[in-house]
Amino acid sequence: MTTREASPSEDLFLGCLLGGALGDALGYPIEFVRSEKQIIERFGATAPPDLSYASEVRVSDDTQMTLFSAEALLRARSAGSGAIVPFALGAYQRWYVTQELAPRDRVRHRSGEGLLLADPRLYARRAPGQTCLSALSSSFTRPSIATIDDPPNGSKGCGAVMRAAPFGLAARTREDAFVVARDAAVLTHGHPSGYLSAAYLAALVHDIARGATLEEAMGLADALLVREREHQEVAAALTRARALAAGGALSPSAIEQLGGGWVAEEALAIAIACVLQATARSVAQTLWRAVAHGGDSDSTGSITGNLVGVMFGASALPVHWLSQLELRDLIERVARDLHAAAMGSGRPDPTDYPAADGVVRVPRWNA
Ligand SMILES: [Mg+2]
């Protein structure tokens, strides 16, 4: 890999975030359709021409939280800080505000809080993950930041891996990508399979953006994964994904052998099985394969989109779907800002990305 290691292009950053949002929007209308048979009967086995195939085009919490992960990195860069995790907590608390704030309070809250809170389109509940909401609600009164040794819960839902890609894009090294994504994941998901899946995805994104093939990146991420306590469940899910992808064309029922993707290691495995068979010319069909199953379609679509996007770039994403994508302008702006910051082109705009972590702590009245 070293000979091809290069500065990642802006197209790959755009591809990673836009691809994730496309997969999210494609899967969101069928997240709660519990059978692949029903989905195929209603919408077909091949990718629909329109993102609005089932309902109005909407991205969900997966895309919202991914934008807040990117915001955390940009605000840390504004502050000149290498300690990303407090910025991630502040960012996810701001996402929590977009989900919980009464409409009349929104305008007041938005002022001075940066690019994302200033965008009224983000104040939308799109089936947000209950684990994220409850862990973030508790974070306001938690005396210290959650860590892998002091986790907030035992959850391994996929709500941390689906937001982890930006940590891989921006990190200086694979090890940093892995550790920062892990420690930002454990803010809401305390089970090792929950946070190690996020770490693994970030390591893949880091290396693929810098010239590795998916197979090379997986080998390098495997070496980081096996150093961690209780990594076996994620490693076993990855082994199943590789075996399934090596066994020939994936059918929707084959995908379901990997589980429903409601938990992190299954969502990661479904995405990897799909992406192992992807080519630059099959992006739409790869994304449809990743969502047309009875499981957590928007999250498996999101992770798959992050990976195909960083492998093939925004220029390989379906143009017509992009023209229909909700928040496209905001996603592109954040991806460009993240690319500029990661490439060292000065500090981000402090109005868009204030130089403070923004963590809110409310003391317990009875403490
Ligand atoms: Mg979602």
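Residues numbered from 1 in each chain as written. Predicted model: local features only at pLDDT ≥ 70, side-chain atom pairs only at ≥ 80, totals over all residues. Heavy atoms only, no water.

## Considerations on the coordination of the magnesium ion
Line of reasoning, step 1. Protein coordination of the magnesium ion is provided by Ser60 (OG), Asp61 (OD), Asp62 (OD) and Asp298 (OD), with donor distances spanning 2.0 to 2.3 Å.
Line of reasoning, step 2. Ordering the donors of the magnesium ion by residue number gives the pattern S-D-D-x235-D. Of the two residues, aspartate 62 is situated in helix α3 (residues 61-79) and aspartate 298 in helix α15 (residues 297-312); the sequence distance between them amounts to 236 residues. Assigned by exposure class, aspartate 62 and aspartate 298 land together as buried. (Donors = N, O, S within 2.8 Å, 3.2 Å for Na, K, Ca; no water. Helix = DSSP H or I, 4+ residues; strand = E, 2+ residues; numbered from the N terminus. Buried < 20%, exposed > 50% of the residue type's maximum accessible area, 1.4 Å probe, protein only.)

## Some remarks on the state of the cysteines
Line of reasoning, step 1. Inspection of the entire model under this criterion finds 0 disulfides.
Line of reasoning, step 2. Looking at the unpaired cysteine 16, the closest cysteine sulfur is the one in cysteine 274, lying at 16 Å.
Line of reasoning, step 3. The thiol of cysteine 274 is unpaired, and the distance to the nearest cysteine sulfur, on cysteine 158, comes to 14 Å. (Disulfide = S-S within 2.5 Å.)

## Comments concerning the packing of aromatic side chains
Two numbers describe a pair of aromatic rings. These are the distance of the centres and the angle of the planes.
Line of reasoning, step 1. In total, this model carries 4 aromatic pairs according to the counting rule given.
Line of reasoning, step 2. On the basis of an interplanar angle of 20° and a centroid distance of 6.1 Å, the ring pair of phenylalanine 32 and tryptophan 262 is categorised as stacked. Within this pair, whereas phenylalanine 32 is found in the loop between α1 (10-27) and α2 (36-43), its partner tryptophan 262 is found in the loop between α12 (252-255) and α13 (264-276), the two being separated by 230 residues in sequence.
Line of reasoning, step 3. For phenylalanine 32, a relative accessible area of 52% gives the class exposed.
Line of reasoning, step 4. Both rings, one in phenylalanine 43 and one in tyrosine 53, keep their centres 5.0 Å apart while their planes meet at 90°; by these two values the pair is edge-to-face. (Phe/Tyr/Trp six-rings, centres within 6.5 Å; stacked < 30°, edge-to-face > 60°.)

## Things to note about the nonpolar core
Line of reasoning, step 1. Counting residues in hydrophobic clusters, the biggest one holds 127 residues, and the most contacted among them are Phe167, Leu204 and Leu325.
Line of reasoning, step 2. No other element matches the 12 residues that helix α9 (residues 192-209) contributes to this core.
Line of reasoning, step 3. Ignoring sequence-local partners within four residues, the contact set of leucine 204 consists of Leu214, Ala217, Met218, Ala221, Ile272 and Leu307. (Core = buried A, V, L, I, M, F, W, Y, C linked by side-chain atoms within 4.5 Å. Contact = heavy atoms within 4.5 Å.)

## Remarks on the UniProt feature "binding site: Mg(2+)" (unreviewed entry) in the protein
Line of reasoning, step 1. According to UniProt, the positions carrying the feature "binding site: Mg(2+)" (unreviewed entry) are Ser60, Asp61, Asp62, Asp296, Asp298 and Ser299. The annotated residues occupy 240 residues of the chain but converge on a single region, no pair of C-alpha atoms lying more than 12.4 Å apart.
Line of reasoning, step 2. Counting through the fold element by element, aspartate 61 comes out in helix α3.
Line of reasoning, step 3. On the basis of relative accessibility, which here comes to 5%, the residue aspartate 61 falls in the buried class.
Line of reasoning, step 4. Dropping the residues within four chain positions of it, aspartate 61 is found in contact with Trp95, Arg126, Ala127, Pro128, Gly129, Met162 and Asp298.
Line of reasoning, step 5. One can find aspartate 296 in the loop between α14 (283-291) and α15.
Line of reasoning, step 6. Residue classification places aspartate 296 among the buried residues on the basis of a relative accessible area of 4%.
Line of reasoning, step 7. Each residue touching aspartate 296, except ones within four places of it in the same chain, is listed here: Glu31, Cys158, Gly260, Gly261 and Trp262. (UniProt positions renumbered as here; feature names shortened; annotations may be inferred.)

## As for the pattern of salt bridges
Line of reasoning, step 1. If you walk through the whole model with that rule in mind, you get 20 salt bridges.
Line of reasoning, step 2. One salt bridge in this structure joins glutamate 10 and arginine 336, with 3.3 Å as the shortest N-O distance. With glutamate 10 in helix α1 and arginine 336 in helix α17 (residues 328-342), this pair connects stretches of sequence that are 326 residues apart.
Line of reasoning, step 3. Glutamate 10 gets classed as partly exposed once you look at its relative accessible area, which sits at 30%.
Line of reasoning, step 4. When its relative accessible area of 38% is taken as the criterion, arginine 336 is described as partly exposed.
Line of reasoning, step 5. In this structure, glutamate 326 and arginine 58 form a salt bridge, with 3.8 Å as the shortest nitrogen-oxygen distance. Of this pair, glutamate 326 sits in the loop between α16 (319-324) and α17 while arginine 58 sits in the loop between α2 and α3; the two residues are 268 residues apart in sequence, bridging distant segments of the chain. (Salt bridge = Lys/Arg side-chain N within 4 Å of Asp/Glu carboxyl O.)

## A word on unusual backbone geometry
Line of reasoning, step 1. In this structure, alanine 127 is a non-glycine residue whose phi angle is positive, near 50°.
Line of reasoning, step 2. In this structure, leucine 327 takes a positive phi of about 70° despite not being glycine.
Line of reasoning, step 3. Turning to its location among the elements, leucine 327 is positioned in the loop between α16 and α17.

## Some points on helix α6 (residues 130-139)
Line of reasoning, step 1. Listing the buried residues of α6 in full gives Cys132, Leu133, Ala135, Leu136 and Ser139.
Line of reasoning, step 2. Along its buried surface, α6 packs onto α3 and α4 (85-100).

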